[in-house]
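# Inside the fold
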Amino acid sequence: MDYGLKPLGREKLWLGVMLGPTLIGLVFGALGSILATLVLSFTHWDLLTPITPAGFSNYVALFTNPAYLKALINTFEFSAMYVPGVVIVSMFVAVLMDSKIRGISIFRTIYFLPAVTSAVATALVWNMIYGKDTGILNYYLSSLGFQTVCWLCTKNAMVSVVIVNIWGAIGEGMIIFLAGLTAIPSEYYEAASIDGANVFQVFFGITLPLVTPSIFFQTLISTINAFQAYDYIYMMTRQGQGDSSVPVVVFSIYRNAWNFFNYGGASAQAIELAVLVILLMGFYFWLERRYVVYE
Amino acid sequence: MNRTKQKNLLDLVTYLLLIAGGVLMLGPFLWMVATSFKLPADQFTHTLIPNPATLENFRNLFSFDLNFPKLFLNSTIISLLTVIGQMLTCAMAAFCFAVVKFRGRGLLFTLLLVTLMIPEQVTLIPNFIIFKWLHLVGTSVPLWLPAFWGGAFGTFLLRQYFLTIPRELVDAARVDGASLWQIFWRIYLPLGKPALAALAIFTFQGAWNDLLHPLVYMPTVPNTTLTVGLAFFQTQLTLGGRFTVLMAGALLSILPLVVVFFFAQKQFIEGIALSGLKR
């Protein structure tokens, strides 16, 4: 990190030119916007009538308004299913793909496809698949003699939409884990094989501890994604009047700001989201120092 | 002998699991393709092979007055401008962070990484207010202009790659009297091609698939992107019960990225692995 070319004379100007856009983005786009959101969160404003100070009322509403509370609980519930789901499934897939068998590249392509395509387009087909009376999923369930399920009804929508979100995230997770698995020195496996260890002993004794950096990274990424999940929820759980059966915080922010013109309340929710993510990241980095094994 | 037998059995189980998973991963796409070639009357049939197969849905997509070509064009322009903005500004910043020594480099880079973790929704509301003041809401400007302010993810990705380029090259060029800009333009850009390609693909994908920002800035059809258009068609076409047309639209909307993915799979996958590298 200490290495570096020293800019000479007029090159300092070049340095300014090259860093300029990023500096502007950082100061105004990121830090300035965060500050502005913070200020807005202490106001009432619909962008039409004059802005009025609101004190802490928007923050009080976060914990007293049933709609805000429901959004917060939904976000936690969503994340609690989504994050472990993505981490475990993509690790499992990566371990399968790491075995030295032929045709892996075809499987890799197929598993990655949902991560490439837009959630909007694939949500449309998932809506068909999940259809109550016409969907292919219920058709197979009933032809196998099971009860059909109303997948996108309010009581099941959360689980159904989490499944689709996991489906869409396996591709990227799998690549992160494959990179981690390839980095494990083969001597460990050879030694285990000589000692006659079975598949499970190898996985829990060697693979799992040595892949903890990937688990850490993927958990981090998945958590950030979980707190911002929007596309599938918007596409699959909207009901009449533009509400959702699984309104998470991001959905609620959009609705508050752009349907109800409550920019102050939406700003407070955005701050709430950021604080939660930062706290969770801090917790993860604390866990990392205790449990993650770097070679 | 026993060991090879065990290995074969293990391989068989691996294949079976991968195939079962593959059906789940690919299934929805097969269903999308199948439905898009079915007659509207057959939209809820349970067969994967359309019988009879028809191109009617694709014809209807363009004749139903859905403005599909306009949406496609909007998405293309916005995505390409976003790619240009990000490539330019992220590459320049990444070069500075990776190669040039200047005061506050460490602090600036850390700040940039911190913004990676801040949910975008936090910046959305003030940005919207500013673009509204500028009377740019309803145009595509708010969707691509911010790409020209740099980006934390792209800068990080490119810097990681730039750090792997041997420093001897820079020192040799410096001895020959090359300027900073020449070192950037003649050494780092050409050698950084794999990472630049990965960033271009990710950026294009992000812009093409984005739903939230177009919903905020260009919420009404036809002056919007494919994603908002498809979301709108869903409510419109489903009312008319035309899933076949909807699937044709969904299929065409994912086609560009699927094609790019098949040709540039390596960049996709290496780019993701690169972003996961430890510091």
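About the thresholds
- Residues numbered from 1 in each chain as written.
- Chains lettered and ligands numbered in written order.
- Predicted model: local features only at pLDDT ≥ 70, side-chain atom pairs only at ≥ 80, totals over all residues.
- Helix = DSSP H or I, 4+ residues; strand = E, 2+ residues; numbered from the N terminus.
- Rg over C-alpha atoms; globule rule 2.2 N^0.38 Å.
- Buried ≥ 20, exposed ≤ 12 C-beta atoms within 10 Å, placed from the backbone.
- Contact = placed C-beta atoms within 7 Å.
- Core = buried A, V, L, I, M, F, W, Y, C linked by C-beta atoms within 7 Å.
- Domains from an automatic or database assignment.
- Axes fitted to C-alpha atoms, helices over the stretch in contact; angles between N-to-C directions.
- Parallel < 35°, antiparallel > 145°, perpendicular 65-115°, else oblique.
- Left-handed = near helix turned anticlockwise from the far one by under 90°.
- Nonpolar A, V, L, I, M, F, W, Y, C, P; charged D, E, K, R; others polar.
- pLDDT = per-residue confidence, 0-100.
- Expected span 1.5 Å × (residues − 1).

When you go through chain B residue by residue, the secondary structure sums to 14 helices and zero strands. For chain B, the N- to C-terminal ordering of α and β elements is α-α-α-α-α-α-α-α-α-α-α-α-α-α. Since a compact globule built from 279 residues should have a radius of gyration of about 19 Å, the 24 Å found for chain B marks it as more spread out than a globular shape. Taking the principal axes of its C-alpha atoms as reference, chain B extends roughly 75 × 75 × 35 Å. Counting over 279 residues, chain B shows a buried share of 43%. Sequence-distant contacts, at least 24 apart, represent 75% of the contacts inside chain B between residues at least 6 apart.

On to the overall build of chain A, then. Looking only at helices and strands, chain A features 13 helices and two strands. Computed over C-alpha atoms, the radius of gyration of chain A comes to 24 Å, more than 25% over the 19 Å expected from 2.2 N^0.38 for 295 residues, which places it beyond the range of a compact globule. With the C-alpha coordinates of chain A rotated into their principal frame, the extents come out at 75 × 75 × 35 Å. Among the 295 residues that make up chain A, the fraction classed as buried is 41%. Residue pairs at least 24 apart in sequence account for 69% of intrachain contacts in chain A once pairs closer than 6 positions are excluded.

Grouped together as the largest cluster of nonpolar side chains are 150 residues, with contacts concentrated most on F95 and A250 of chain B. Looking at which domains feed residues into this core, each of domain 1 (2-61) and domain 2 (62-275) of chain B gives three or more. Excluding residues that lie within four positions of it along the chain, F95 of chain B makes contacts with M18 of chain A together with F162, F184 and Y188 of chain B.

Packed helices, taken two at a time, are described by their axes: the angle between them and the distance between them. Contact pair helix α5 (residues 119-129) of chain A / helix α13 (residues 243-263) of chain B: the axes reach a minimum separation of 8 Å and the direction vectors enclose 150°. As far as their axial angle goes, α13 of chain B and α5 of chain A are roughly antiparallel. Between α5 of chain A and α13 of chain B the crossing geometry is left-handed. Only F243, L246, M247, A250, S253 and I254 of chain B of α13 of chain B make contact with α5 of chain A, whose side of the interface consists of A121, L124, V125 and M128 of chain A. Grouping the constituent residues of the contact of α5 of chain A with α13 of chain B by class yields nine nonpolar, one polar and no charged.

Let us look at the domain arrangement of chain B. When the parts of a complex come together, some accessible area is lost, and that lost area is often taken as the interface size. All names here are of chain B. Per the domain assignment, the segments making up chain B are domain 1 (2-61) and domain 2 (62-275). The gap between the C-alpha centroids of domain 1 and domain 2 is 31 Å. Taken together, the contacts link 12 residues of domain 1 with 14 residues of domain 2. Contributing elements (two or more residues each) for the side of domain 1 that touches domain 2: α1 (2-36) and α2 (56-63). Sort the elements by how many residues they give to the side of domain 1 that touches domain 2 and α2 lands first, with five residues.

A few words now on unusual backbone geometry. Residues and elements named next belong to chain B. Geometrically, the link from N51 to P52 is a cis peptide bond, its omega value of 0° lying close to zero. Among the secondary structure elements, P52 is positioned in the loop between α1 and α2. Backbone torsion omega between V221 and P222 reads 5°, so that peptide bond is classified as cis. You can see P222 is positioned in the loop between α11 (212-217) and α12 (226-239).

As a further point, take the interface of chain B and chain A. Listed as interface residues are 78 residues of chain B and, on the opposing side, 77 residues of chain A. Residues belonging to the side of chain B that touches chain A are distributed by class as follows: 50 nonpolar, 21 polar and seven charged.

Another aspect to go through is helix α7 (residues 152-162) of chain B. Here α7 of chain B lies mainly inside the structure; nine of its 11 residues are buried. When we look at burial in α7 of chain B, the residues that qualify are A152, G154, T155, F156, L157, L158, R159, Y161 and F162 of chain B.

Residue and element names in this part refer to chain B. In this model, chain B carries an average pLDDT of 89, and 96% of its residues clear a pLDDT of 70 or more. Element-level mean pLDDT values for chain B span from 76 in helix α14 (residues 265-275) up to 96 in helix α6 (residues 141-144). This prediction of the complex comes with two scores: 0.91 for pTM and 0.89 for ipTM.

With 29 residues, helix α13 (residues 263-291) of chain A should cover 42 Å at 1.5 Å per step; its first-to-last C-alpha distance of 41 Å lies within 8% of that length. Those residues of α13 of chain A lying buried are Y263, G264, G265, A266, S267, A268, Q269, A270, I271, E272, L273 and A274 of chain A.

At a minimum axis distance of 8 Å, the contact between helix α1 (residues 11-40) of chain A and helix α3 (residues 68-99) of chain B shows a crossing angle of 120°. In terms of their interaxial angle, α1 of chain A and α3 of chain B are classed as oblique. Crossing handedness for the pair α1 of chain A and α3 of chain B: left-handed. Across from L15, M18, L19, P21 and T22 of chain A in α1 of chain A, the residues of α3 of chain B making contact are T89, M92, A93, F95 and C96 of chain B. Grouping the amino acids of the contact of α1 of chain A with α3 of chain B by side-chain chemistry returns eight nonpolar, two polar and no charged.

Of the residues in chain A, 99% reach a pLDDT of 70 or more, and the chain-wide mean stands at 90. The secondary-structure element of chain A with the lowest mean pLDDT is helix α8 (residues 186-194) of chain A, recorded at 87, while helix α3 (residues 66-98) of chain A shows the highest, at 95.

Residue and element names in this part refer to chain B. Looking at the secondary structure, you find A195 in helix α10 (residues 193-209). The exposure class assigned to A195 is buried, which follows from the 26 C-beta atoms found within 10 Å. For A195 and F62, which are 133 residues apart along the polypeptide, the C-alpha to C-alpha distance reads 37 Å. The residues contacting A195, other than those within four sequence positions of it, are L157, L158, Y161 and L274.

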